[in-house]
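Coordinates in review
Chain by chain, the residues:
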There are 4 protein chains.
Amino acid sequence: MNTIGHIFKLTTFGESHGTAIGGVIDGCPSQLKLDFDFIDKELSRRKTAQTATASQRKEPDKIEWLSGLLDGVTLGTPIAFMVRNEDANSSDYEALKDVYRPSHADFTYEQKYGLRDWRGGGRASARTTLPIVVAGAIAKQILKDKGITIAAEVIFMGDAEQAKKEGDTVGGIVECRIKGVPAGLGEPMFGKFSAELAHAMFSLPAVKGFEVGDGFASAKTKGSEANDTFINKDGIITTLTNHSGGIQGGITNGNDIVFRVAFKPIPSIAKPQQTVNRAGETCQIAIDGRHDVCALPRALVLVEALAAMVTVDMGMRQDMRH
Amino acid sequence: MNTIGHIFKLTTFGESHGTAIGGVIDGCPSQLKLDFDFIDKELSRRKTAQTATASQRKEPDKIEWLSGLLDGVTLGTPIAFMVRNEDANSSDYEALKDVYRPSHADFTYEQKYGLRDWRGGGRASARTTLPIVVAGAIAKQILKDKGITIAAEVIFMGDAEQAKKEGDTVGGIVECRIKGVPAGLGEPMFGKFSAELAHAMFSLPAVKGFEVGDGFASAKTKGSEANDTFINKDGIITTLTNHSGGIQGGITNGNDIVFRVAFKPIPSIAKPQQTVNRAGETCQIAIDGRHDVCALPRALVLVEALAAMVTVDMGMRQDMRH
Amino acid sequence: MNTIGHIFKLTTFGESHGTAIGGVIDGCPSQLKLDFDFIDKELSRRKTAQTATASQRKEPDKIEWLSGLLDGVTLGTPIAFMVRNEDANSSDYEALKDVYRPSHADFTYEQKYGLRDWRGGGRASARTTLPIVVAGAIAKQILKDKGITIAAEVIFMGDAEQAKKEGDTVGGIVECRIKGVPAGLGEPMFGKFSAELAHAMFSLPAVKGFEVGDGFASAKTKGSEANDTFINKDGIITTLTNHSGGIQGGITNGNDIVFRVAFKPIPSIAKPQQTVNRAGETCQIAIDGRHDVCALPRALVLVEALAAMVTVDMGMRQDMRH
Amino acid sequence: MNTIGHIFKLTTFGESHGTAIGGVIDGCPSQLKLDFDFIDKELSRRKTAQTATASQRKEPDKIEWLSGLLDGVTLGTPIAFMVRNEDANSSDYEALKDVYRPSHADFTYEQKYGLRDWRGGGRASARTTLPIVVAGAIAKQILKDKGITIAAEVIFMGDAEQAKKEGDTVGGIVECRIKGVPAGLGEPMFGKFSAELAHAMFSLPAVKGFEVGDGFASAKTKGSEANDTFINKDGIITTLTNHSGGIQGGITNGNDIVFRVAFKPIPSIAKPQQTVNRAGETCQIAIDGRHDVCALPRALVLVEALAAMVTVDMGMRQDMRH
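Residues numbered from 1 in each chain as written. Chains lettered and ligands numbered in written order. Predicted model: local features only at pLDDT ≥ 70, side-chain atom pairs only at ≥ 80, totals over all residues. Heavy atoms only, no water.

Regarding its fold elements, chain A presents nine helices and 17 strands. For a compact globule of 322 residues, the expected C-alpha radius of gyration is about 20 Å, and chain A comes in at 21 Å, within 12% of that figure. Principal axes of the C-alpha set define a box for chain A whose edges measure 65 × 55 × 35 Å. The 322 residues of chain A split such that 70% are buried. Considering only contacts within chain A whose residues lie at least 6 apart along the sequence, 71% involve residues at least 24 apart. Surface accessibility of chain A: about 10400 Å² in total, with carbon and sulfur atoms responsible for 49%. In chain A, 37 side chains carry a positive charge and 39 a negative one; their mean positions are 1 Å apart. (Helix = DSSP H or I, 4+ residues; strand = E, 2+ residues; numbered from the N terminus. Rg over C-alpha atoms; globule rule 2.2 N^0.38 Å. Buried < 20%, exposed > 50% of the residue type's maximum accessible area, 1.4 Å probe, protein only. Contact = heavy atoms within 4.5 Å. Areas by Shrake-Rupley, 256 points an atom, 1.4 Å probe, with all protein chains shown as cover. Lys, Arg positive; Asp, Glu negative; His and termini not counted. Charge placed at Lys NZ, Arg CZ, Asp CG, Glu CD.)

On to unusual backbone geometry, then. Of note, Gln31(B) is a non-glycine position whose phi angle comes to about 70°, a positive value. Tracing the backbone shows Gln31(B) in the loop between strand 3 (20-26) and helix 1 (36-47).

What follows concerns the pattern of salt bridges. Residue and element names in this part refer to chain B. Considering all chains together, one arrives at 88 salt bridges over all chains under this definition. Between Glu-42 and Lys-140 there is a salt bridge whose closest N-O contact spans 2.6 Å. Residue Glu-42 is found in helix 1, and its partner Lys-140 is found in helix 4 (residues 130-144); the two are separated by 98 residues along the sequence. Like Glu-42, the residue Lys-140 is buried in the burial classification. (Salt bridge = Lys/Arg side-chain N within 4 Å of Asp/Glu carboxyl O.)

Turning our eyes to something else, we now look at the sheet that holds strand 1 (residues 3-4) of chain A. All names here are of chain A. One open sheet holds the five strands; their spatial order is 1-2-3-7-4, and the pairing between them is antiparallel. The open sheet is flanked by strand 1 and strand 4 (64-65), the only strands paired with a single partner. Pairing analysis gives six bridges linking strand 3 (residues 20-26) to strand 7 (residues 79-84), with the strands arranged antiparallel. For Ile-21, the partnering residue across the bridge sits in strand 7 and is Val-83. (Pairing = 2+ DSSP bridges.)

Now for helix 3 (residues 106-113) of chain C. The element helix 3 of chain C is largely enclosed, with a buried count of seven among its eight residues. Turning to helix 3 of chain C, its buried residues number three or more, namely Asp106(C), Phe107(C), Thr108(C), Tyr109(C), Glu110(C), Lys112(C) and Tyr113(C). Structurally, helix 3 of chain C contributes buried residues whose contacts are with strand 11 (230-233), strand 12 (236-239), strand 13 (247-248), strand 14 (251-252) and helix 9 (296-319) of chain D. Just past helix 3 of chain C, the residue Gly114(C) takes up positive phi, approximately 85°.

The values reported here are purely geometric and, on their own, carry no functional implication.
Laid out in structure tokens, this is it:
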């Protein structure tokens, strides 16, 4: 339930204001010399973001590596790591202890578990995505050696400067492209490459939509427009167009994998809102302005990280057949 | 790889022109008297569809129940079932044996497995979704007893009549609503209710997009517009609006679960198309007009079936906690 | 719950007097030309056994292949197969409908599921092991190409001729040896080669004990006696003795894998026995003499089959690392 | 691969001389107030043992709780914990860096991963069982509330005092009894209660044999002797004898679950032994006497812990059916 992947697996743990956030990577190949600088760089992409959109919370994000390494080289055994939560001033949240913030997970967590860690979002906090960045950076390193690269970009974002002034937040859309994936990855029935990507992306907070290739737009085309003509390009069979986004019948065709992820606005807004408390009484809240105005700048590295993890995992599932 | 679900699980098997198509349901509760009439009705929803959009292939779809039942009552053991493929005239496909149909899975299957069943799409045929309808009908029966209902409808479809004349096909968008799901279902991190739904829907052929609640549109709103205000309605805490589509932080909040699925046009078109064959030579094909003009009328029951299976599965995962 | 294996997986279905017994193999490599004669030979090993020990039930065991094959070659997709239950004279069992046979699964199934298929043991019948033989035969074919062979033999069996006269049954011990397994298979912590073998063998009816290498006897030795000295034999590092049974730290060391399985006597005996019925009333039963006197002759092929499946599965798990 | 359990799951990490040893428990019910004193007591059972058999290594075993708790109460989210390795004097092991200790995992790990952490056994060290004790203590707490208790005892152990003098080690046999388990737990085919126990016990270092009820001895009995007569005891159906060890057809029958585990002697002996090094050259080693003479005193709590985890897990799998 807190694990993603079939062969290359990540289990995450941690609440935003608990002792630590971390993860255990199981199934990473042995004899890989980890590029710690790259991991730090990826972590800083999650942390630092444009002034206009990001909150000021200082997160040193200093990784402690707990296992699975000898002199920085992977042993093939589980790689455990964690980051301590240092800036844990839970008193900020005391006022919200009994209040259900609109479109947050406060209410649903209580319905599920009977209680929740009310300090800063607990397990539902965006901070819990940190281990994804670490595992994603390692996955990227594995892919790099195979000539596979991944890049996400924001293709739409609401007017953040204006929203900030209004005490509001904005959403947006991220597009991601994976280049160099060989044809043949993905399981045809219930483990389609597209289905695994969809599942991974919907694991991120605030994601409300996912599409591959032409996506929702393809619903409005005809077959003769949507089909990708196969061509022989210097001895390699590929497609002239890429409406399919690199995936056909759930399996990669060797072309770029292209997908988009829609993020709703962050629900923590400074504007006063009506809600109810645990007793069912109507009340007003205004959430402290420390929160981001938009999740997208931070989300790019997360989208890439999950895409990398899915690609490594699907690659391993295909390799084991030979 | 051919199994969906964690507790209520379906494993499917079969190629479109092999001996049989079928499935094994593992994890179905015992002592359930199956409603075979309802299962047949659901199967006929997959088979029969509007004249304008559906092909004429006769599929008797006569289920043979192989195990797991005593006098029509579930034993708690695996329920295996199958439908024989009777209309298997593979000679129709002989001409396509060495040709990669555009935007079909012919090429990717060969890349993955080194060979493929070229007769009518083989394992990638839409016919292989039949077991999903059977498992979905049983899941719906389980949900009905708990007051949970599921209904999908086509909210957009291209102009099928016109496309048929042109030897072309069209896509569309299905919206599905699950009513009566209690709050608290879904795992917060990598098994969000939305993520499981996304994964399930992307298992269907031709699906290119999935969204929950306001979905891609929510990317263009502000937090103050996208948030759902909690209210106390006669002692029940619920939300005034349902932009979230019934899922917050990955967990159901008790409101209707609403999602949409985008289908690209069926890639089998009568219009001549350019492609390449296995030898890499450019060639022309025109696919026989027996195929559907649009997948959507048949897809409604599939979307509902998978939604039912996910809901039963997530419900069981939550129940086992108590 | 009815599936074994992680990559090379078998899901089984069927009750002894239901419509059919069968299985779905998922994860079998593509492009394997199945040796149907060998599969039949293995099935006949399960069926035919020494006159003294086996019952007379005619089981034609005619396999129907349902999917996953094209001209007898595996497609990489699920291989489904079944055998119809033809000799299903359930009236023999009517008298036992409400009685719990001693040391059978009648009582425990009812406790678990609230009902059971009382006709001949239902899902708990030894007949349900048939699909294991089929999957095992395919696994053996895969191993044969890699130079790995498996052979089980009965190393102890009670006096069957005498027991038969007395209307009684006997147990025994099977020893199995896997030759040619490369060093390095097995997961070190919770997927040890020995643990996977133990799990598999305990899936067989009537198994009450399992040991690897010197097993229980090793508990009575000293370290200096139990340790296997490493030697360099013509450039290959191996061990002088094989007290470990080919597995050290859960991982194969290249030596023969040797294990033993203890079977209790079959619980169906002709001698009169006291028991209780569903109403809790004490009663006497004498079970019809058609049953085997000893499970072991039939069990040899099952032990080998499961050993083959575990070895293929562990091999694939190791391969995917490279 | 480093995870055990289906619903109540433990993932472990850590090498004996790495930074830390720890685990992540996923699937623990929420709202459980952890009994930390009990957990410490269980940990001390693993650490302290009879002078004659245990080594002197100081292991403070001070648990750091990283997540999943609020004021000592479980949140339903992953419970991560760790113990730092403080006594990590790896220089002791430098001499063994290139030598394969007989019947240790040195050789097999290198064959599997291409490298190994040579400092004190690394991932194969008995120290890595520590997280099992923690998860087992929590499982026991869950079971205690349901009236289920577990107790293991040494029923055979070699002459440790004598072996110590000789620089040798001894093995032994542990018997464990689980009282109060309701009838109906266990999956009938590939998740039998006995199979899950066998798998769990073979996860412990040095285990070479496992048996349930009469085990290997039952192979030498007749059916009339091995069968357990059902009786009605004050309205409860139970068995007069317990040759089955509480499990019939893989499912619990309500009687005590009784099983035995055989441990070979610890392979680290002070007596000089011949072996080979990485270069394949024959050499002599004598392993430092700090190691235990017998694993059994420490193993009792491990056997109980795994039995508790399996019981909780199987109980949850059964509960979710209702």
